[in-house]
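What the coordinates show
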Amino acid sequence: MSVTKDEVFQKVQAALVEALGVDEEEVTPQATMVGDLGAESIDFLDIVFKLEKSFGIEIPRKELSPEDILTNAEYVTDGKVTDAGIAELKRRMPFVDFSKFEADPQVRNFSNLLTVGDMCRYIETKVGAA
Amino acid sequence: MRWFWIDRFEQFIRGKRAVAIKAVAMSEEQIDGYSPGFPVMPPALIIEGMAQTAGLLIGEASGFEQRVVLAKVGKALFHFPARPGDVLRYSATVLDIKTDGAMAEITCHIGDRLQAEVEMMFAFLDDRFPAGPLFEPVDFVAMIRTFGMYDVGKTADGEPIELPPFYAEAERVAQAAYPPVGSPVAI
């Protein structure tokens, strides 16, 4: 059974409201998970549990947390992600808009990159949303 | 005071479900200052007892290879206070176990009455944390034996569960240091 993009957003919104204790109105596609919604690292595990249950999918840890890339000396120089690193991130996370990050690709900026819209696009690829 | 917030397991089904009881007594320290004039069991310590029930259930499922810590309480509803003299029955059900954490729901009943409903998430400590078990193996074995985990513990197929080899060996070494019960001791 295929789901629509609206249904994906509604379920993602419900999961985030429950996991983060935020209001529905705060969960907009543009909202960043960490900066705007206050998600901490442990919340991502909770969110993954909820999304897996809600959509009946499996979310491998690496697909949403590319720590291995961000801690790999091959892809990081002086605290900045290299061009090769960005290419690798884009390959791993095609659902994320990296344009802002590319302007100042410091590793510490990565944690506040992911938006609600990115989460939805990720789920859409998993469930084949129309 | 020992940080044991359950008294014993009454049921333990590997990776699935556990029931533990906690008898609340007026003599316990936590009753003293929490709500003077109206002695109750602090809800935070009920949550701790639930976390111990569910956390041991989840840890045992991996042979205690995973270091399980309470990460988040997603939902906690308390319907009425638990008071000295009450026997709290914590029933923990595993909802999901993944590579980096687990979810469980736990209820507390006093008699037939539903006293509390809690959903909690556990994280497994990874290699960002110092290696090694969270507890001294011998102390840990003594604790879970005291809780009766291996008296009532079964697999989902009804077979008795056993201590993982690492902990069984720690127990054997510790016991070897003491003479058998009943043997004469030179003074």
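Everything below is about the structure printed above this text.
The structure reproduced in this document is the subject of the present report.

1. Details of the side chain of Asp100(B)
By secondary structure assignment, the location of Asp100(B) is in the loop between β4 (87–97) and β5 (101–110). When near neighbours in sequence (up to four residues on either side) are disregarded, Asp100(B) contacts Leu45(A), Arg61(A), Phe122(B), Ala123(B) and Phe124(B).

2. Describing unusual backbone geometry
In this structure, Asp78(A) is a non-glycine residue whose phi angle is positive, near 50 degrees. On the secondary structure map, Asp78(A) appears in the loop between β1 (76–77) and β2 (80–81). Even without being a glycine, Phe64(B) presents a positive backbone phi close to 60 degrees. With respect to the secondary-structure elements, Phe64(B) resides in the loop between α2 (43–61) and β3 (68–78).

3. Re a negative patch on the surface
A cluster of like negative charges, contributed by Asp23(A), Glu24(A), Glu25(A), Glu26(A) and Asp36(A), occupies part of the molecular surface. Structurally, Glu26(A) is set in the loop between α1 (5–20) and α2 (41–55).

4. Here's the deal with α2(A)
Residue and element names in this part refer to chain A. In this model, α2 (15 residues) spans 21 Å end to end at C-alpha, consistent with the 21 Å of a helix rising 1.5 Å per residue. The complete set of buried residues in α2 reads Asp43, Leu45, Asp46, Ile47, Val48, Phe49, Lys50, Leu51, Glu52 and Phe55. Downstream of α2 by one or two residues, Gly56 has phi in the positive range, about 65 degrees.

5. As for the pattern of salt bridges
Tallied over the full model, the rule gives 16 salt bridges over all chains. Among the ionic pairs, Glu88(A) bridges to Arg91(A), the shortest N-O distance being 2.6 Å. One end of the pair is Glu88(A) and the other is Arg91(A), both in helix α5 (residues 83–92) and three residues apart, which spans about a single turn. Of the residues examined, Arg91(A) reaches a relative accessible area of 56% and is grouped as exposed. With a shortest N-O distance of 2.9 Å, Glu169(B) and Arg172(B) are connected by a salt bridge. Of the two residues, Glu169(B) and Arg172(B) are both situated in helix α5 (residues 165–176); the distance of three residues between them amounts to about one turn of the helix. Since its relative accessible area comes to 37%, Glu169(B) is described here as partly exposed. Under the relative-accessibility criterion, Arg172(B) is labelled partly exposed at 48%.

6. Things to note about α1(A)
Here α1(A) contains 16 residues, and its C-alpha end-to-end distance of 22 Å stays within 8% of the 22 Å for a straight helix at 1.5 Å per residue. Buried residues of α1(A): Val8(A), Val12(A), Gln13(A), Ala15(A), Leu16(A), Ala19(A) and Leu20(A), and no others. The buried residues of α1(A) all sit within an arc of 165 degrees when viewed along its axis, so they share a single face. Pointing more than 90 degrees away from the buried face of α1(A) are the exposed residues Asp6(A), Gln10(A) and Glu18(A). Turning to α1(A), the residues buried within the fold contact α2 and α8 (116–127) of chain A together with β3 of chain B. Positive phi shows up at Gly21(A), right after α1(A), with a value of about 65 degrees.

The rules behind the values
- Position numbers for residues count from 1 along each chain, tracking the sequence in the order it is written.
- Chain letters and ligand numbers both follow the written order, the letters beginning at A and the numbers at 1.
- Residue-level local features of this predicted model are given only where pLDDT is at least 70; pairs of side-chain atoms are given and counted only at 80 or more, and the full residue set underlies all totals for whole chains, interfaces and linings.
- Only hydrogens and water are removed before side-chain values are computed, so all heavy atoms of the structure are retained for them.
- Numbered from the N terminus, helices here are DSSP runs of H or I no shorter than four residues, and strands are runs of E no shorter than two.
- Throughout, a residue-residue contact means that at least one pair of heavy atoms, one from each residue, lies within 4.5 Å.
- Residues enter a patch when their relative accessible area is above 30% and they make no salt bridge; the linking distance is 9 Å between like charges and 5 Å between nonpolar side chains (Val, Leu, Ile, Met, Phe, Trp, Tyr).
- In these tables, accessible area is a Shrake-Rupley quantity obtained with a 1.4 Å probe, and a residue counts as shielded only by the protein chains included in the view.
- Salt bridges, as used here, are contacts in which a Lys or Arg side-chain nitrogen is within 4 Å of a carboxyl oxygen on Asp or Glu.
- In this count, Lys and Arg are taken as positive residues and Asp and Glu as negative ones, while His and the chain termini are left out.
- Positions of charges follow a simple convention, taking NZ of Lys, CZ of Arg, CG of Asp or CD of Glu.
- To estimate the expected span of a helix, count its residues, drop one, and scale the result by 1.5 Å.
- Any residue under 20% of the maximum accessible area for its type is buried, any over 50% is exposed, and the rest in between are partly exposed; the area is computed with a 1.4 Å probe on protein chains only.
- Arc, as used here, means the arc of the directions from the helix axis to the C-beta atoms.

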